[in-house]
Amino acid sequence: MADSTISHSTPDSPASPGSEAGSLNVQPGSDVAEQFPVLQHKSKGRQRLLRSLQRISSSQNLRARITRPRASSAPYRSSASSLSCVSLTSTPSPFGQPSSSSSYFSFGDVSTAPTSVAATPAVETPGCDGIEPVLAVRKVDHPVSTPMTISLPTEIKKKAKIFNFWDIIPNEIKLYVLSFLSPRELVRVSRVSKKFHELCFDGQLWTEFDASNFYRDIPAESLTKILETAGPFVHDLNLRGCLQIEHMQRAQRLVKACHNLYSTTLEGCRNFQRPTLHALLKTNNQLVHLNLTGLPAVNNATCKIISRECPDLESLNISGCREMDARGIRFVIEGCPKLRDLCASSIRGFSSNADVATAIFKTNNLERLVLSNCSDMTDDTFTTMILGPNPEFDMLTNRPLTPPRKLRHLDLTRCCRLSDNSIKSLAYVTPQLEGLSLSNLTLLTDSALEPILASSPNLTHLDLEDLSHLTNSLFINHVAKSPCSPKLEHLAISACESISDAGMLPVFQSCTNLRSVLMDNTRISNLTLTEAADMVRSRSLSRPSPSPFPVTTLHLTIYDTPLVTWTGILEILSRNSEPLTAAKTPKDGVVEVGGEGGKRGKEVIGLKCFHTWQMTVDEHTRRVLRVLARQWGLRRYSLECIREGRKKLICQQRG
Amino acid sequence: MGLTYNTYLNSDKIYGCKNCKAHLANAHDIISRNFRGQHGKAYLFNTVVNVETGDPSERNMTTGRHVVRDIQCRQCKDVVGWKYDRAYESSEKYKEGKFILEAELLCNVT
């Protein structure tokens, strides 16, 4: 069979194509047909080569040429055994032969093989003098060398096609692959080819456009182009800080393109024009989350448009919009029945427009209301907001007979005109209250907070900063004994100058779920720290650890407290390092080995104290956490993992 | 010069300029609150963002002589506090390079 295939080859060199065929002829008959065309290619090239060799060898004139010393061929002449057809191509010629030898071996690309082999005759001639004397030797060497070298290529030769994976896979899979890239990378990748450009700017990859990582770097034109191509696919648009969107036409193009927005953040785009903003609101009727913090373009008319065009709105943040006032808020409250989350800090006009308060009272939809810094809010307005315009009071208990509010989070920081009378009204009417912030309401006293604490069993966050009239008795009698004390997680009493140990000790004894306590600028002393350490110790032994690795579960902020000394800090630090010493010294023959017992007692207290001690404390905490992790057998847990885990947990805790 | 972009901080409690709500500092970055400025209480911070510093001037404060620079919000150019350049007393050296922001000129930005 081998001979039949090479019947056209020159008789002079029966061995060379024969050597190919002989060694290539590994597969049975069915494959020979496939091999034929390739073999023919190869043998044609071979033919030409060997014919030229013939010519050279026979011509007298060329002898001189051949016998000229050739540095390239000389080193290779010794390797006689390698002079098979394989070695013919791999013999050295300075003219870039590696490609031909590789093509011979790889057979990956049929198209290149013949060309390279065809190239060899012209190039090989200088090396032919090495071949001549060896031609005779070849017969002997073939069976030894060639099968070894050529057997692999035959296997591959059958599959010799160009396999372009990317063209074969369906579009959906390509998009899935590209969905793992960040926006910056996507733009870079789009430059590969036209097909890639189409793919990379396919709308499905741009449903969430968050410019927080690159708002400074992206030019306005690119931003507009991307959003235009993504167009109706964009659902979440976060353009916080994108000052570049100023030019009228560009912003208009953007607005025309994006009409399916679900959640938009335009915080900080101070150059956004009012007509463009109005157009955006009119075209996006399905908006659910809207954040327009600090935009000078927002005014009462904008709020009217929001109330008319965006009926599905659930959360709205219009803090710091100086051009609007409380009337706009009234439009929104009345027009958006699903509104649950309203952030309206620094909005003027609450006192002059009592209708706003009535509207908020009547609709009773809000679960989160942030009215910080609304410094013109008066007692009357706030009472109306919570209890209604003419509240009735129960004759016996003197409690208001209003239906309960759905409020879960209320922030009234810095609304300085509010006093006890209005804050008291929160009591008994807000059973679901979870977060309450009354920082900087300097007129408040104990009597405002007592009823609230008694009636809000779900309270977890309590911010009472800068309320200098609060006394210890509030904490002893009310915070510690309230129904919410086991759930309380966050307590801030910074700058409450009358609070001292007497008040805080009962708090630490009863509020066992505390995660962060801010006690700076108070009169607490080392006793409180000891109590805190005790609390963490007992709770870490009694409940399972909140995370698989040691983590800071209590954050104490105690700078600016003149009565806290290094002794107190030492208490905390020694509590942090207790698990280390306990594990080493088994008490009463009870050794804490792995398992349940070993997993407890891994809670660490984080401390923010007087600045000179802070570095020592930080280093101590870091080392304790590292050793604790190692004790648990988490040897391979790098410090980065632990830190990251801590950060994640802290972020979760702080919400 | 180009557009002056604002830096945005990531935290649950951020102090910002009262006028323009630009992020100024992280509340967890406070070193001490025991300071008084022209408008009342003031807080000492490690780092603040989005501010421009003015020219240094020597002032006599309750704690001694210091060289300070006024800080302005980058967006609205309102003075929000000052930065300590140099403290002449050794007990006040810890303030050098830190920033004071006046509580009255700040607001909470969540």
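Predicted model, so just to flag it, every value in this text is computed and none were measured.

Asks: Describe the sheet that holds strand 6 (residues 64–73) of chain B, and please don't skip the residues or the numbers.
Replies: Residues and elements named next belong to chain B. One open sheet holds the six strands; their spatial order is 3-4-8-7-6-5, and the pairing between them is antiparallel. Each edge of the open sheet carries a strand with a single partner, namely strand 3 (30–37) and strand 5 (51–61). Neighbour to neighbour, the strand axes of the sheet diverge by 30° on average, direction disregarded. Sheet analysis places strand 6 next to strand 7 (residues 79–87), joined by seven bridges and oriented antiparallel. Residue Asp70 lies in a different strand from strand 7, and its bridge partner there is Trp82.

Asks: So, unusual backbone geometry: which residues are in play, and what are the values?
Replies: Peptide bonds are mostly trans, and most non-glycine residues show a negative phi. Here Asn364 of chain A, not a glycine, exhibits a phi torsion of approximately 50°, which is positive. When you line up the elements, Asn364 of chain A lands in the loop between helix 19 (354–363) and strand 7 (368–370). Despite not being glycine, Asn50 of chain B has its phi angle at roughly 60°, a positive value.

Asks: How would you sum up the packing of aromatic side chains? Please name residues and give values.
Replies: Counting across every chain of the model gives 13 aromatic pairs over all chains. Between the aromatic rings of Trp566 of chain A and Trp613 of chain A, the centroid separation amounts to 5.7 Å while the plane-to-plane angle is 55°, which identifies the pairing as tilted. In this pair, Trp566 of chain A is assigned in helix 26 (residues 566–576) and Trp613 of chain A in helix 29 (residues 611–631), connecting sequence segments 47 residues apart. Judged by centre distance (6.0 Å) and plane angle (75°), the ring pair of Tyr15 of chain B and Phe45 of chain B falls under edge-to-face. Pair noted here: Tyr15 of chain B is in strand 1 (residues 14–17) and Phe45 of chain B is in strand 4 (residues 40–45), with a separation of 30 residues, a long-range link. Of the residues examined, Phe45 of chain B reaches a relative accessible area of 0% and is grouped as buried. An aromatic cluster is built from Phe201, Trp206, Phe209 and Phe214 of chain A, whose rings are joined through pairwise contacts. The cationic tip of Arg33 of chain B hangs over the ring face of Tyr43 of chain B; the distance from NZ or CZ to the ring centre is 5.1 Å.

Asks: Describe the UniProt feature "domain: Yippee" (unreviewed entry) in chain B, listing the residues and the values that go with them.
Replies: Those places that UniProt annotates as "domain: Yippee" (unreviewed entry) correspond, in this numbering, to residues 13–110 of chain B. For residues 13–110 of chain B, the helix share is 0%, the strand share is 61%, and the end-to-end C-alpha distance is 6 Å.

Asks: Which residues make up the confidence of the model for chain A, and what values do they have?
Replies: Of all residues in chain A, 70% have pLDDT values of 70 or greater, and the mean over the chain is 76. Note on residues 76–146 of chain A: pLDDT under 50 across the span, and 105 contacts to partners over four residues away in sequence or across chains.

Asks: Tell me about the pairing of strand 7 of chain B, and please be specific about residues and values.
Replies: All names here are of chain B. Hairpin connection, strand 6 to strand 7: the antiparallel pair is bridged by five residues, and Lys77 has positive phi, about 60°. With three bridges joining them, strand 7 and strand 8 (residues 99–102) adopt antiparallel strand pairing. Across the sheet, the residue bridging to Lys83 is Phe99, located in strand 8.

Asks: Please provide a residue-by-residue account of the packing of helix 24 (residues 501–510) of chain A against helix 25 (residues 526–542) of chain A, values included.
Replies: All names here are of chain A. At their nearest, the axes of helix 24 and helix 25 sit 9 Å apart, and the two run at 0° to each other. Classified by the interaxial angle, the pair formed by helix 24 and helix 25 is roughly parallel. For the pair helix 24 and helix 25, contact is made by Asp501, Met504, Leu505, Phe508 and Gln509 and by Leu527, Thr528, Glu531, Ala532 and Met535, respectively.

Asks: A description of the UniProt feature "domain: F-box" (unreviewed entry) in chain A should follow, citing residues and the corresponding values.
Replies: Under the local residue numbering, the UniProt record ascribes the feature "domain: F-box" (unreviewed entry) to residues 163–209 of chain A. With 55% helix and 4% strand, the stretch residues 163–209 of chain A has end C-alpha atoms that lie 35 Å from each other.

Asks: Tell me about the interface of chain A and chain B, residues and numbers included.
Replies: Between chain A and chain B, the residue contacts involve 28 residues of the former and 28 residues of the latter. Carbon and sulfur atoms supply 43% of the area that chain A and chain B bury against each other, a total of about 2700 Å² over both sides. Between chain A and chain B we count four salt bridges in total. One salt bridge in this structure joins Lys41 of chain B and Asp466 of chain A, with 2.9 Å as the shortest N-O distance. Grouping the amino acids of the side of chain A that touches chain B by side-chain chemistry returns four nonpolar, 11 polar and 13 charged.

Asks: How would you sum up helix 24 of chain A? Please name residues and give values.
Replies: Among all positions in helix 24 of chain A, only Asp501, Gly503, Met504, Pro506, Val507 and Phe508 of chain A are buried. Of the surrounding elements, those touching the buried residues of helix 24 of chain A are helix 23 (472–479), strand 11 (490–492), strand 12 (516–518), helix 25 and strand 13 (551–557) of chain A.

Asks: Give a description of a nonpolar patch on the surface that names residues and reports values.
Replies: Residue and element names in this part refer to chain A. On the surface, Phe163, Phe165 and Ile168 cluster together into a nonpolar patch covering about 390 Å² of accessible area. Structurally, Ile168 can be placed in helix 10 (residues 165–168). The exposure class assigned to Ile168 is exposed, which follows from its relative accessible area of 55%.

Asks: Provide a residue-level description of the environment of Ala533 of chain A, including the pertinent values.
Replies: Residues and elements named next belong to chain A. Note on placement: Ala533 falls in helix 25. Sequence separation between Ala533 and Ser574 is 41 residues; the distance between their C-alpha atoms is 9.0 Å. Not counting chain neighbours up to four residues away, the residues in contact with Ala533 comprise Glu571, Arg575 and Ile605.

Asks: Before we move on, could you go through the nonpolar core and cite the residues and values that matter?
Replies: Membership of the largest hydrophobic core comes to 129 residues, with the highest contact counts inside it found for Ile423 and Leu556 of chain A. Ile423 of chain A has contacts with Phe382, Leu412, Leu418, Leu438, Leu441, Leu444, Ala448 and Ile452 of chain A, leaving out every residue within four places of it along the chain. Leu24, Ile30, Phe45 and Val48 of chain B belong to the second largest nonpolar core, which has 19 residues in total.

Asks: Got a sec to walk through the pairing of strand 5 of chain B? Specific residues and values, please.
Replies: Residues and elements named next belong to chain B. Sheet topology note: the strand 5/strand 6 ladder contains nine bridges and is antiparallel. Counterpart to Pro56 in the pairing with strand 6 is Arg69. In textbook terms, the turn of a hairpin is the stretch between consecutive antiparallel strands, and for strand 5 and strand 6 this stretch comprises two residues.

Asks: Could you give me a rundown of the pattern of salt bridges, with the residues and numbers involved?
Replies: Counted under the stated rule, the structure contains 31 salt bridges over all chains. Here Lys13 of chain B and Glu465 of chain A are joined by a salt bridge, their closest N and O atoms 2.8 Å apart. Of this pair, Lys13 of chain B sits in the segment before strand 1 while Glu465 of chain A sits in the loop between strand 10 (461–463) and helix 23, placing the two residues on different chains. What makes Glu465 of chain A buried here is its relative accessible area of 5%.

Calculation criteria
Residues numbered from 1 in each chain as written. Chains lettered and ligands numbered in written order. Predicted model: local features only at pLDDT ≥ 70, side-chain atom pairs only at ≥ 80, totals over all residues. Heavy atoms only, no water. Pairing = 2+ DSSP bridges. Helix = DSSP H or I, 4+ residues; strand = E, 2+ residues; numbered from the N terminus. Axes fitted to C-alpha atoms, helices over the stretch in contact; angles between N-to-C directions. Phe/Tyr/Trp six-rings, centres within 6.5 Å; stacked < 30°, edge-to-face > 60°. Buried < 20%, exposed > 50% of the residue type's maximum accessible area, 1.4 Å probe, protein only. Lys NZ or Arg CZ within 6 Å of the ring centre and 35° of its normal. UniProt positions renumbered as here; feature names shortened; annotations may be inferred. pLDDT = per-residue confidence, 0-100. Contact = heavy atoms within 4.5 Å. Parallel < 35°, antiparallel > 145°, perpendicular 65-115°, else oblique. Buried area = accessible area lost by both parts, 1.4 Å probe. Salt bridge = Lys/Arg side-chain N within 4 Å of Asp/Glu carboxyl O. Nonpolar A, V, L, I, M, F, W, Y, C, P; charged D, E, K, R; others polar. Patch = residues over 30% accessible without salt bridge, like charges linked within 9 Å, V, L, I, M, F, W, Y side chains within 5 Å. Areas by Shrake-Rupley, 256 points an atom, 1.4 Å probe, with all protein chains shown as cover. Core = buried A, V, L, I, M, F, W, Y, C linked by side-chain atoms within 4.5 Å.

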